[in-house]
Amino acid sequence: MKSFYAVYISSDTSSIADNYEQKESEKTTTQPFNVSGGVYNDDDVPLPPMPSQEEPPEFSDPNLKKPKKLSPEHLNDAQKAVNVLGLDLVTRAYSKNWAHRGNALVQLRDILESHPESPKSDTRALWRAAIKVVERTLKDNVYQVFNLSVKVLKQLISDFAIKHRVTKGDMIFGVEKSMPILISKTGETINHQMQKLAKEFIVDLAMLPTVKPLALVPQHCVKPFSSTVAAKLGTSRCEIVENLLIALPIRDGSGFTVDNVMKFSREALQHSSGDVRNVAENIITALYKVYSKLSHSLTLPLKRQQRMPLQPGV
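About the cut-offs
Throughout this description, residue numbers start from 1 for each chain and increase along the sequence as written. Owing to the predicted nature of the model, reporting of local features is limited to residues with pLDDT of at least 70; listing and counting of side-chain atom pairs is limited to 80 or more, with chain, interface and lining totals taken over all residues. Excluded from the side-chain calculations are hydrogens and water; all other atoms, namely the structure's heavy atoms, are used. The way it works is that DSSP assigns letters per residue, a run of H or I at least four long becomes a helix, a run of E at least two long becomes a strand, and they are numbered from the N terminus. Computed with the Shrake-Rupley method and a 1.4 Å probe, the accessible areas treat only the protein chains shown as cover for residues. For cavity detection a 1 Å grid was placed over the protein atoms alone, and a set of points counts as a cavity when a 1.4 Å probe fits there but cannot get out; an open set counts as a pocket when protein lies on both sides within 12 Å along at least five of seven lines, with lining residues being those that have an atom within 4 Å of a point. Grid points are joined across faces, edges and corners, and a volume is the space filled by probe spheres set on the points. For this classification, Asp, Glu, Lys and Arg are treated as charged, while Ala, Val, Leu, Ile, Met, Phe, Trp, Tyr, Cys and Pro are nonpolar and the rest, including Gly, are polar. The predictor rates its confidence in each residue with pLDDT, a number between 0 and 100. Only heavy atoms matter for contacts: two residues are in contact if any of them lie within 4.5 Å across the pair. Residue count minus one, scaled by 1.5 Å, sets the expected span of a helix. Burial classes follow relative accessibility: with a 1.4 Å probe on protein chains only, a residue under 20% of its type's maximum area counts as buried, one over 50% as exposed, and anything between as partly exposed.

> I'm lost on the overall build of the protein chain in this one. Help?
Looking only at helices and strands, the protein chain features 15 helices and zero strands. Here the protein chain displays about 16600 Å² of accessible surface, and carbon together with sulfur accounts for 52% of that area.

Quick look at the structure:
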């Protein structure tokens, strides 16, 4: 796998551009992780634009380094993944250079797509190694890497799981490892694209045929949060539950029950942010519309004076 590189072509060199497009169309191997914005070194510092695409950047620019070796701590943490996926891929996944991390995901995607029919033990080992890599890259603060992580996770949980008949236990393992990270990303305050993608993907994940019967996603989403949680995260979590009410049926024994949703909403009503409380009230209203026979003792156990006052703009 070639290292990540970027191509810069001036508008007055149309012949070079035409030649480049022709070469791109003739390639059959997977292209490196390509993110606009230039080349970055191992410290995520942008490098000057490349004047030519004649040779790979690691040869033309001494500042673009190969991935550093895994530290003993990281090697110990990812040893099982290394045994299955190889040292090069895992080293890239743990690299400080976000382009290398993206390249690791591209490599992983190709491995999953080309994985043949094999004994269950081999498929299980690949599944768990892939989840380990994705668990790492889902925490990435670079949107392009996070976005690709989400795509690879969906590929794992949908296409790969169906094709290779991933067991229920392994599916639970993958969802349990991913959900806490995805939920934390819904509180992203700097990169709103990342926050939006995390919220949308959680709802999509809950609807996947391989995940929906497990009811794991709504179980994670209706866990009450404290009144001290950040307002952005609290609002996002309430919005996710509100969207899940539209997408999924509430049923006993599923973890997504009236009791659980109401416990979640009651806690959210105690938050200091008006935005969080407003969405919590919307959830309760939605429940009343669908379940009109809900008892007041279940849905509104709090006296009005116990609730945080609604303050516009808070």
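> Looking at this structure, how should I read the layout of surface pockets?
Rolled over the atoms, a probe sized like a water molecule indicates the empty space that remains. Looking at the second largest pocket, its volume works out to about 230 Å³. Broken down by secondary-structure element, the contributors of at least two residues to the lining of the second largest pocket are α4 (79-85), α7 (120-137) and α9 (168-185). Here the lining of the second largest pocket is built from residues that sort into seven nonpolar, no polar and six charged.

> What is the right way to look at empty space enclosed by the protein in this model?
Within the structure shown, the criterion is met by three cavities of 30 Å³ or more. Counted as a void, the largest cavity has a volume near 80 Å³. Lining of the largest cavity is provided by Ala206, Val211, Lys212, Ala215, Leu216, Val217, Pro218, Leu248, Pro249, Arg251, Ser254 and Phe256. Of the residues in the lining of the largest cavity, the class split is nine nonpolar, one polar and two charged.

> Teacher, can you tell me more about the confidence of the model for the protein chain here?
The predicted coordinates ought not to be read in detail in places where the model reports low pLDDT. Taken residue by residue, the protein chain gives an average pLDDT of 79. The fraction at 70 or more is 72%. For residues 301-314, every residue scores under 50 in pLDDT, and the model assigns this stretch 25 contacts once sequence neighbours within four places are set aside.

> How should I be thinking about α7 in this particular structure?
Given 3.6 residues per turn, any residue in an α-helix points the same way as the ones three and four places further on. If you check α7, its first and last C-alpha atoms are 26 Å apart, about what 18 residues at 1.5 Å a residue would give, namely 26 Å. Taken as a whole, α7 has its buried residues at Thr123, Leu126, Trp127, Ala129, Ala130, Ile131, Val133, Val134, Glu135 and Thr137. Each element contacted by the buried residues of α7 is listed here: α4, α5 (87-93), α6 (98-114), α8 (143-163) and α9.

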